[in-house]
Amino acid sequence: MLNVLHLFVPENDLALASGLARYTPVPVGWHMHLSGEALPMWYADRGDRVMSFGMDARWLDGVSESFDTGVDVASRKEIASGCLSPSPWGWSAYTRQMYADAGCPQWMLPSDEAVGRMRMLSHRRSSVCINEALSGMLGFPLPAIPVETDDLERLSALVEGVGGYLKQPWSSSGRGVINASRLSGDVLRRQAGGIIRRQGSVMWEEPLAKIMDFAALFRSDGAGVGFEGWSMFETSPTGEYAGNVLASQEYMRGSLERYIPGDVLDEVVVSLCRVLADYVCPVYKGYMGVDMMVYDRGGVPALAPCVELNLRATMGVVALGFSRRYLAPGCRGVMRVVASGDVPPQSYVMDGGRMAGGVLHLSPPQRFAFVAEVRR
């Protein structure tokens, strides 16, 4: 079995929207890419490699000594040898081109057809298909299924008196989500029209009284889909990603069961494994995340089992890998992204080869820093 060649590409969802192989990311996206190149190390297996445009060797040596990850930066020779299986953060024509430019043999890369199918599976309409499938499988009512439309008059009728959220078909980390209740009719039509011109349609979702965000993480091997674990994350008031919880799966499961019974969580996981296997196999292999929500339905906590599908690795995958392999028992923390001027100095305590406290830079800081802060 081949070791894996990982590639962190946080700009991939926008590359999917463009459909271009020679996509030029916006500056903030490219700086995020360079600042997080090492993140796959925390969920990679020993012997795997990461692609880098020039990772800080001193940082890499220090982390390798402390955590013994067994993961290194790939050399050009290794990439060209065909001994490493490409596995990017997410697939697109853009990431395939990045592997090709790095020297990866063409026979190891997905075809145009496969890339096109993965692009369409990454569209937010996947949440419609998944919710429709789940509605006939689960023993509890789902919130209203999201609507996709390119008709501005229909969209105005959906929003009127209700509000809700407009979502770009391809976007990430909460960007591309617009609170329609804050828009006048003219502004709504103008913004929605722009999304339709750029991406062909717009998604609308009814507003829910959110209690908490979380996600279920899965992995496809091309033949089936398995459950990897739970992810708890925080978002800003505008819906953008703010950070992930670092903790054991037992802690996360207990936190979720404060609102949703364990047997319901199990039922959802089993159902999603079946639905996702039918939906993404065999075209897609790799990690994926299904964002979920606990919301208030008439004074009772209820579950929205598929807010959206992320057909790629997520920050939750990074947090899960780090927590399982490198977080000391009984510790908890948070993983967040900070701008260069707000980066706390790195200083951490180890206990039995695992982080037991302090601050760790999960990748060499550049314009941004991915920081793990841990406490007992």
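Structure's up top.
To start, this report covers the structure provided alongside it. The model shown is predicted, which means the values in this text are computed figures rather than measured ones.

## Here's the deal with the environment of Arg 332
So, point 1. Mapping Arg 332 onto the fold places it in strand E14 (residues 332–339).
So, point 2. Looking at Arg 332, the relative accessible area reads 33%, which means it is partly exposed.
So, point 3. Filtering out sequence-adjacent residues up to four positions away, Arg 332 remains in contact with Leu 246, Ala 247, Tyr 251, Glu 373, Val 374 and Arg 375.

## As for the nonpolar core
So, point 1. In terms of nonpolar packing, the biggest core is built from 97 residues, with Trp 42, Phe 218 and Phe 322 touching the most fellow members.
So, point 2. Counting residues per element, this core draws most heavily on helix H11 (residues 262–280), at 10 residues.
So, point 3. Val 159, Leu 166, Ile 195 and Trp 204 belong to the second largest nonpolar core, which has 12 residues in total.

## A look at the packing of aromatic side chains
So, point 1. Summed over the entire model, instances satisfying the criterion amount to 16 aromatic pairs.
So, point 2. Relative to Trp 89, the ring of Phe 8 has its centre 4.8 Å away and its plane inclined at 85°; by these criteria the two rings are edge-to-face. One end of the pair, Phe 8, is in the loop between strand E1 (3–7) and helix H1 (12–18); the other, Trp 89, is in the loop between strand E4 (84–88) and helix H5 (93–101), with 81 residues separating them in the sequence.
So, point 3. On the accessibility criterion, Phe 8 (2% relative accessible area) is buried.
So, point 4. Aromatic side chains Phe 322 and Tyr 326 sit 6.1 Å apart centroid to centroid with 45° between the ring planes, which places their arrangement in the tilted category. Here the residue Phe 322 and the residue Tyr 326 both occupy positions in helix H12 (residues 315–326), the gap between them amounting to four residues, near one helical turn. With respect to class, Phe 322 is no different from Tyr 326; both count as buried.
So, point 5. Joined through ring pairs, the aromatic side chains of Trp 42, Phe 67, Phe 322, Tyr 326 and Tyr 348 make up one cluster.

The rules behind each value
Numbering of residues starts from 1 in each chain and follows the order in which that chain's sequence is written. Reporting of local features is limited, given that this is a predicted model, to residues whose pLDDT is at least 70; pairs of side-chain atoms are given and counted only at 80 or more, and all residues count toward the totals for whole chains, interfaces and linings. Processing note: side-chain calculations cover all non-hydrogen atoms of the structure and skip hydrogens and water entirely. A run of H or I in DSSP becomes a helix once it reaches four residues, and a run of E becomes a strand once it reaches two; helices and strands are each numbered from the N terminus. Accessibility here uses a 1.4 Å probe with only protein chains present; expressed as a share of the type maximum, an area under 20% marks a residue as buried, one over 50% as exposed, and anything in between as partly exposed. Whether two residues touch is decided by their heavy atoms; if any such pair falls within 4.5 Å, the residues are in contact. For this analysis, a nonpolar core means a set of buried residues of the types Ala, Val, Leu, Ile, Met, Phe, Trp, Tyr and Cys, connected via side-chain atoms within 4.5 Å. Pairing of aromatic side chains requires ring centres within 6.5 Å, counting the rings of Phe and Tyr and the six-membered ring of Trp. Pairs whose planes differ by under 30 degrees are stacked, by over 60 edge-to-face, and all others tilted.

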